[in-house]
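Coordinates in review
Listed below are the residues making up each chain.
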Amino acid sequence: QVQLVESGGGLVQPGGSLRLSCAASGISFSLNVMGWYRQAPGKQRELVATITTGGATNYADSVKGRFTISRDNAKNTVSLQMNSLKPEDTAVYYCNALDRYTNLWGRGTQVTVSS
């Protein structure tokens, strides 16, 4: 089955941390650029972070210094470590896999940052 499955979302207080994980199956994982995107209520889906096949990373300005994306090609997983969370980080977070022919999305996992 070709799919991405996110996990690790939940409710956290401002200043707290969460680690999201995405497990991929049915794709050539090591050949895909992997990314995390998010969609907050009433807003468009936006880029959070990407990581290339070679391990180069890119982050939205709003999360630089707080979030870290990583991948484990042996396990076909990509993770997003989120520290110093803010209420504005509240969103559904989606995993994405991209190569020449594939643009695959997970179902998303809810992250809520609230006191």
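Keep in mind that what you see is a predicted model, and the values were worked out from it rather than measured. (Residues numbered from 1 in each chain as written. Predicted model: local features only at pLDDT ≥ 70, side-chain atom pairs only at ≥ 80, totals over all residues. Heavy atoms only, no water.)

What follows covers the overall build of the protein chain. Counting its secondary structure elements, the protein chain contains zero helices and eleven strands. Taking 13 Å as the expected radius of gyration for a compact globule of 115 residues, we find that the protein chain reaches 13 Å, a close match to that expectation. Here the C-alpha coordinates of the protein chain stretch approximately 40 × 25 × 25 Å along the principal axes. Going through the 115 residues of the protein chain one by one, you find that 39% of them count as buried. Total accessible area on the protein chain stands at roughly 6100 Å², and carbon and sulfur atoms take up 47% of it. On the protein chain, the mean spot of the 11 positive side-chain charges and the mean spot of the 7 negative ones are 2 Å from each other. (Helix = DSSP H or I, 4+ residues; strand = E, 2+ residues; numbered from the N terminus. Rg over C-alpha atoms; globule rule 2.2 N^0.38 Å. Buried < 20%, exposed > 50% of the residue type's maximum accessible area, 1.4 Å probe, protein only. Areas by Shrake-Rupley, 256 points an atom, 1.4 Å probe, with all protein chains shown as cover. Lys, Arg positive; Asp, Glu negative; His and termini not counted. Charge placed at Lys NZ, Arg CZ, Asp CG, Glu CD.)

Further remarks concern the sheet that holds strand S1 (residues 3-7). Here we have four strands laid out as an open sheet, ordered S1-S3-S8-S7, and antiparallel in their pairing. Looking at which strands have only one partner, the edges of the open sheet turn out to be S1 and strand S7 (67-72). On average, each strand axis in the sheet is inclined to that of its neighbour by 15 degrees, with strand direction left out of account. Bridging between strand S3 (residues 18-25) and strand S8 (residues 77-82) involves six bridges; their strand directions are antiparallel. Counterpart to Ser21 in the pairing with S8 is Ser79. (Pairing = 2+ DSSP bridges. Axes fitted to C-alpha atoms, helices over the stretch in contact; angles between N-to-C directions.)

Turning our attention to the state of the cysteines. Summed over the entire model, instances satisfying the criterion amount to one disulfide. Paired by a disulfide, Cys22 and Cys95 hold their sulfur atoms 2.1 Å apart. With the S-S dihedral at roughly -85 degrees, the linkage between Cys22 and Cys95 falls on the left-handed side. Here Cys22, found in strand S3, pairs with Cys95, found in strand S9 (residues 91-98); they are 73 residues apart in sequence, far enough to count as distant. Both residues of the pair, Cys22 and Cys95, belong to the buried class. (Disulfide = S-S within 2.5 Å.)

Turning our eyes to something else, we now look at the pattern of salt bridges. For the coordinates displayed, the defined rule picks out four salt bridges. One salt bridge in this structure joins Asp61 and Lys64, with 3.0 Å as the shortest N-O distance. Asp89 is the salt-bridge partner of Arg66, the closest N and O atoms lying 2.8 Å from each other. Note that Arg66 is positioned in the loop between strand S6 (57-59) and S7 and Asp89 in the loop between S8 and S9, a separation of 23 residues in sequence. Taken as a pair, Arg66 and Asp89 share a single burial class, namely buried. Salt bridges here are not isolated pairs; linked through shared partners, they connect Arg38, Glu46, Arg66 and Asp89. (Salt bridge = Lys/Arg side-chain N within 4 Å of Asp/Glu carboxyl O.)

What follows deals with the environment of Ala56. Mapped onto the elements of the fold, Ala56 is located in the loop between strand S5 (46-51) and S6. Put simply, Ala56 and Met82 are 26 residues apart on the chain and 18 Å apart in space, counted from C-alpha to C-alpha. Aside from chain neighbours lying at most four places away, what touches Ala56 is Thr50 and Ile51. (Contact = heavy atoms within 4.5 Å.)

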